[in-house]
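What follows is the residue order along each chain.
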Amino acid sequence: MTIVQSTVYEPLTEQKATALAVRLGLFRDGAPLVCREIGDGNLNLVFHIVDQETKQGVIIKQALPYAKVVGESWPLTLKRAVIESNALRTFASFVPQYVPNVYYSDESLAITVMEDLSHLQIARKGLIEGKTYPLLSRHIGEFIAKTAFYTSDFGMNQQEKKKLAQSFVNPELCKITEDLVFTDPFFDHDTNNFEDELRPDVETLWNDDRLRLEAAKLKRKFLTEADVLLHGDLHTGSIFASTDETKVIDPEFAFYGPIGFDLGQFFANLLLNALSRPEFERQPLFDHIDRTWDVFASIFSELWRTKSIETYAATPGLLDDVLRHAFVDAVGFAGCEVIRRTIGLAHVADLDGIEQKEARLAAKRHALRLGRRLIVERNELTGTDGFRRVFAETE
Ligand code: SR1
Ligand code: MG
């Protein structure tokens, strides 16, 4: 990957993105190019440029200096583009099959130029349409296991790890998560956004001292545990999928944090999809949670046993302790994510897209009860079966 320091920042237009792709030599001379801005996320511009004859394309992703979801009143660092391209490059060194190929980065323009994945579909969209993606959890379990192990103090030189962690210090994007995931939904904060009918349920949540204490403990973990390099925003909208391929995108929130965080976000977004479905369609989502954990635990354990560089790695009980904490934390983080996607600033189409109002409110009330139980009872879940049980008990 090349990092090019070139021009002064300006938001690209479709014409300028096309001209840039031509200047970078990404297309043959005279190729008939069509460019569309297709960004539908909360933060960035995404240009899709395609040669109409060969049908080959590229993606140019550009960070905006503010959060698109809110507007220019919420300034946001452009440095996240560098974090994103560096995270993709780091992940590619362990699991190239699960991330897009990065062709160029330009720090001043805050762009990442990368592989066109338009033959795949954003997993959230596909799941909402009822697709099941049989390999999704196998791939995500492997992605998390390998990126976590190889960036941890057990999988890489411990002095180099500190330097790598330093290069992924990401205060502005972490602050978004600290506020939107771990704080605002648990208080009467003006970023929260929910239907008036949910106010009594939400006020019950805000007055729940036990919940607030456990949410505070989880936030503290997120703030203080620089364990492994995380994607940092691993929801189903950050994953492209098909029946046989999976690609993780958008790691602009990457930073060194607690090992259970990416697992928890992924579990939560599977649960959010399950909440939007009738009971008889939920099984594939719970199966995905089981398989993600099983694949993660098995690959992580194998790497720990065969590749660890730490003297204490072979100490009986240590690996079990690491896995147990990863699981318990993941359950708690999943609870926070379920709650914030229901009443916080950034919602998910899985729940908001339920057309019938009473069904939507019922699913959201279920989400709040489920999220709460996952947070306060996370230590009591002995395995991924616990998700099914708590889901059923909170219906
Ligand atoms: C202001 S950003 C809102 C959310 O979008 C991102 O994808 C993260 O999930 C963030 O919390
Ligand atoms: Mg994103």
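All figures in this text were calculated on a predicted structure; none of them were measured in a lab.

1. Digging into the sheet that holds strand β9 (residues 121-122)
If you trace the three strands from one edge of the open sheet to the other, you get β9-β11-β12, paired in antiparallel fashion. The sheet is open, and its two edges are formed by β9 and β12 (246-248), each paired on a single side.

2. Details of the site of ligand 1
Around ligand 1, the surrounding shell consists of Asn42, Leu43, Val69, Trp74, Ile176, Leu180, Asp233, His235, Phe253, Arg340, Arg341 and Ala346. Note that an oxygen atom of ligand 1 is positioned 2.7 Å from one of the side-chain N or O atoms of Asn42. In this structure, Asp233 approaches ligand 1 through a side-chain N or O atom, which is 2.7 Å from an oxygen atom. In isolation ligand 1 offers 320 Å² of accessible surface; the protein chains occlude 95% of this area. Counting only elements with at least two residues in the shell around ligand 1, the list comes to α6 (171-180) and α11 (318-343). In terms of residue class, the shell around ligand 1 is made up of seven nonpolar, two polar and three charged.

3. Re the packing of aromatic side chains
Remark: the centre distance and the inter-plane angle together describe each pair of aromatic rings, the angle taken between the planes. The full count for this structure, using the stated rule, is 19 aromatic pairs. Both rings, one in Phe149 and one in Tyr150, keep their centres 5.4 Å apart while their planes meet at 75°; by these two values the pair is edge-to-face. Classification of Phe149 by relative accessible area gives buried; the value is 0%. Under the relative-accessibility criterion, Tyr150 is labelled partly exposed at 21%. Each ring, one from Phe296 and one from Phe300, has its centre 5.4 Å from the other, and the planes form 25°; the classification is stacked. With Phe296 and Phe300 both in helix α10 (residues 283-307), this residue pair falls four residues apart, about one helical turn. For Phe300, a relative accessible area of 2% gives the class buried. Pairwise contacts between aromatic rings join Phe94, Phe149, Tyr150, Phe154, Phe267, Trp293, Phe296, Phe300, Trp304, Phe327 and Phe387 into one cluster. For the cation-ring pair, Arg212 lies above Phe187, with the distance from its terminal atom to the ring centre recorded as 3.9 Å.

4. Regarding the confidence of the model for the protein
When the pLDDT values of the protein are averaged, the result is 97; 98% of them are 70 or greater. Overall fold confidence (pTM) sits at 0.96, and the ipTM for the predicted complex is 0.99.

5. Let's talk about the pairing of strand β4 (residues 57-63)
Burial runs high along β4: seven of the seven residues are buried. The alternating pattern of β4 places Gly57, Ile59, Lys61 and Ala63 and Val58, Ile60 and Gln62 on opposite faces, both of which are buried. In this sheet, β4 lies alongside strand β3 (residues 44-51) in antiparallel orientation, the contact comprising seven bridges. The partner of Val50 across the bridge, within β4, is Gly57. Between β3 and β4, which follow one another and run antiparallel, lie five residues, and Lys55 among them has a positive phi close to 70°. Across five bridges, the pairing between β4 and strand β8 (residues 111-115) is antiparallel. Looking across to β8, one finds that Ile60 is bridged to Val113.

About the cut-offs
Residues numbered from 1 in each chain as written. Chains lettered and ligands numbered in written order. Predicted model: local features only at pLDDT ≥ 70, side-chain atom pairs only at ≥ 80, totals over all residues. Heavy atoms only, no water. Pairing = 2+ DSSP bridges. Helix = DSSP H or I, 4+ residues; strand = E, 2+ residues; numbered from the N terminus. Near = heavy atom within 4 Å. Polar contact = N/O pair within 3.5 Å; in protein donor to acceptor, adjacent residues only side chain to side chain. Areas by Shrake-Rupley, 256 points an atom, 1.4 Å probe, with all protein chains shown as cover. Nonpolar A, V, L, I, M, F, W, Y, C, P; charged D, E, K, R; others polar. Phe/Tyr/Trp six-rings, centres within 6.5 Å; stacked < 30°, edge-to-face > 60°. Buried < 20%, exposed > 50% of the residue type's maximum accessible area, 1.4 Å probe, protein only. Lys NZ or Arg CZ within 6 Å of the ring centre and 35° of its normal. pLDDT = per-residue confidence, 0-100.

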